[in-house]
Amino acid sequence: MMHKLFTGLALFLASLGLVFFSNVATAQAANKSVTLPDTYAGYWYVYNGYIKRYSKHFYSVKRFDFQQDQTHTMDFKAKNKSLKSLKRWFAEGSPVAYKKLSTGGYKMFWDKSNLGTLKRTTVKINGRRVVALKMKLMPGNYSYDEKFDYVHAIGFRKPRARFSTGYFDF
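Model, not experiment: these values are computed from the prediction. Each chain has its residues counted from 1, following the order in which its sequence is written. Owing to the predicted nature of the model, reporting of local features is limited to residues with pLDDT of at least 70; listing and counting of side-chain atom pairs is limited to 80 or more, with chain, interface and lining totals taken over all residues. Just so you know, side-chain values use all the structure's heavy atoms and leave hydrogens and water out.

Peer 1: Go over the side chain of Arg-63 with me, naming the residues and quoting the values.
Peer 2: Helix and strand assignments come from DSSP, with helices taken as H or I runs of at least 4 residues and strands as E runs of at least 2, each series counted from the N terminus. Looking at where Arg-63 falls in the secondary structure, it is placed in strand β2 (residues 56-66). Accessibility here uses a 1.4 Å probe with only protein chains present; expressed as a share of the type maximum, an area under 20% marks a residue as buried, one over 50% as exposed, and anything in between as partly exposed. All tallies of charge rest on Lys and Arg as positive and Asp and Glu as negative; His and the ends of each chain are not included. The term salt bridge refers to a pairing of a side-chain nitrogen on Lys or Arg with a carboxyl oxygen on Asp or Glu at a separation within 4 Å. Despite its burial, Arg-63 pairs with no opposite charge, the nearest such side chain being Asp-65 at 5.9 Å. Here, residues are in contact when the closest pair of their heavy atoms is within 4.5 Å. Leaving out residues up to four positions away in the same chain, Arg-63 has contacts with Tyr-43, Trp-44, Tyr-45, His-72, Thr-73, Met-74 and Phe-76.

Structure, rendered in structure tokens:
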């Protein structure tokens, strides 16, 4: 329980980290960046977890929208585990650039700051293979010259109540 709470809080701080670095000039990053392919761009949903607050149950989902020169994150909450009716909770965005990695995937950066990595993979859900995006994101309360542990999350193209990161901070 405590590990899920810490991981969820770290994911929240990671999304704030993307906004924190949005005030840095883009000229240097634009010269080194590559175009993000359509297989990576667009909406990816991360299931954050389940919370009971004030005698009500909520399921939390974070949506990442990776664009060519920026990324947006939105927090949603739902009353049922099917995640059919999501209500927007919080939104933020920031500029970002990408660099292709030799090991596959893409590195997100801004000026000298490594914001994290994205790598497509497949996972098995109910016996079926589903395309997923492994995300390694920088926590939001660190600057690029400090040492920190990245937050790991798995995103899907549609909301799924799988692979919870444990984010409970509403």
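Peer 1: Go over the sheet that holds strand β6 (residues 106-110), please, and point to the residues and values.
Peer 2: One requirement defines pairing of two strands: DSSP has to find at least two bridges between them. Judged by pairing direction, the sheet is antiparallel, and its five strands sit side by side in the order β5-β6-β7-β8-β9 without closing on themselves. Since the sheet does not close on itself, it has two edges, and those belong to β5 (97-100) and β9 (151-155), each with one partner. The mean angle between the axes of side-by-side strands here comes to 30 degrees, regardless of whether they run parallel or antiparallel. Fitting a line to C-alpha atoms yields each axis, with helices limited to the stretch in contact; the angle taken between N-to-C directions then spans 0 to 180 degrees.

Peer 1: Describe the pairing of β5, listing the residues and the values that go with them.
Peer 2: When β5 meets β6, the two strands line up antiparallel, connected through four bridges. If you follow Lys-99 over to β6, its bridge partner there is Lys-107. What sits between the antiparallel neighbours β5 and β6 is a turn of five residues, in which Gly-104 has the positive phi angle 95 degrees.

Peer 1: Quick one: what's the story with the nonpolar core, residue by residue and with numbers?
Peer 2: Take the buried residues of types Ala, Val, Leu, Ile, Met, Phe, Trp, Tyr and Cys, join any two whose side-chain atoms come within 4.5 Å, and each joined set is a nonpolar core. Core analysis: the largest hydrophobic core is formed by 18 residues, its most contacted members being Leu-36, Phe-66, Tyr-98, Met-108, Leu-118, Leu-133 and Met-135. The contacts of Met-135, once residues within four sequence positions are left out, are Trp-44, Val-46, Phe-64, Phe-66, Thr-117, Leu-118, Val-151, His-152, Ala-153, Ile-154 and Gly-155. If you look at the next biggest cluster of nonpolar residues, it comprises eight residues, including Tyr-47, Val-61, Phe-76 and Leu-83.

Peer 1: Describe the confidence of the model for the chain, listing the residues and the values that go with them.
Peer 2: The predictor attaches a confidence to each residue, and that confidence, scored 0 to 100, is pLDDT. Per-chain confidence: the chain averages 76 in pLDDT, with 71% of residues scoring 70 or above. Counting contacts from residues 18-30, a segment whose pLDDT is below 50, to residues more than four positions away or on other chains yields 26 contacts.

Peer 1: Break down unusual backbone geometry for me, with residues and values.
Peer 2: Within the chain, Leu-83 stands out as a residue other than glycine whose phi angle is a positive 60 degrees. If you trace the backbone, Leu-83 turns up in the loop between β3 (70-78) and β4 (87-95). At Asn-126, a position not held by glycine, the phi torsion is positive, near 55 degrees.

Peer 1: How would you explain the sheet that holds strand β1 (residues 42-53) if you had to name every residue and give the values?
Peer 2: Spatially, four strands are ordered β1-β2-β3-β4 in an open sheet, and the strand pairing comes out antiparallel. In this open sheet, the two edge strands, each paired with only one partner strand, are β1 and β4. Here the strands of the sheet are splayed against their neighbours by 15 degrees on average, with no regard to which way each runs. By the bridge criterion, 11 bridges tie β1 to β2 in an arrangement that is antiparallel. Its bridge partner lying in β2, Gly-42 is registered against Phe-66.

Peer 1: Which residues make up the packing of aromatic side chains, and what are the values?
Peer 2: Ring pairs are drawn from Phe, Tyr and Trp, using the six-membered ring of Trp, whenever the two centres fall within 6.5 Å, and their geometry is named by plane angle: stacked under 30 degrees, edge-to-face over 60, tilted for the rest. One pass over the structure, following the stated rule, counts three aromatic pairs. Ring geometry for Tyr-40 versus Tyr-106: centroids 4.9 Å apart, planes at 75 degrees, classification edge-to-face. Of this pair, Tyr-40 sits in the loop between α2 (27-32) and β1 while Tyr-106 sits in strand β6; the two residues are 66 residues apart in sequence, bridging distant segments of the chain. Both residues of the pair, Tyr-40 and Tyr-106, belong to the buried class. Aromatic pair Phe-64 and Phe-66: ring centres 5.8 Å apart, planes at 5 degrees, arrangement stacked. Think of it as a cone above the ring: NZ of Lys or CZ of Arg counts as a charge over the ring if it is within 6 Å of the ring centre and within 35 degrees of the ring normal. Geometry around Tyr-43 places Arg-63 over its ring, the cationic atom sitting 4.0 Å from the centre. One Lys or Arg, Arg-160, reaches over the ring of Phe-156 and ends 5.6 Å from the middle of that ring.

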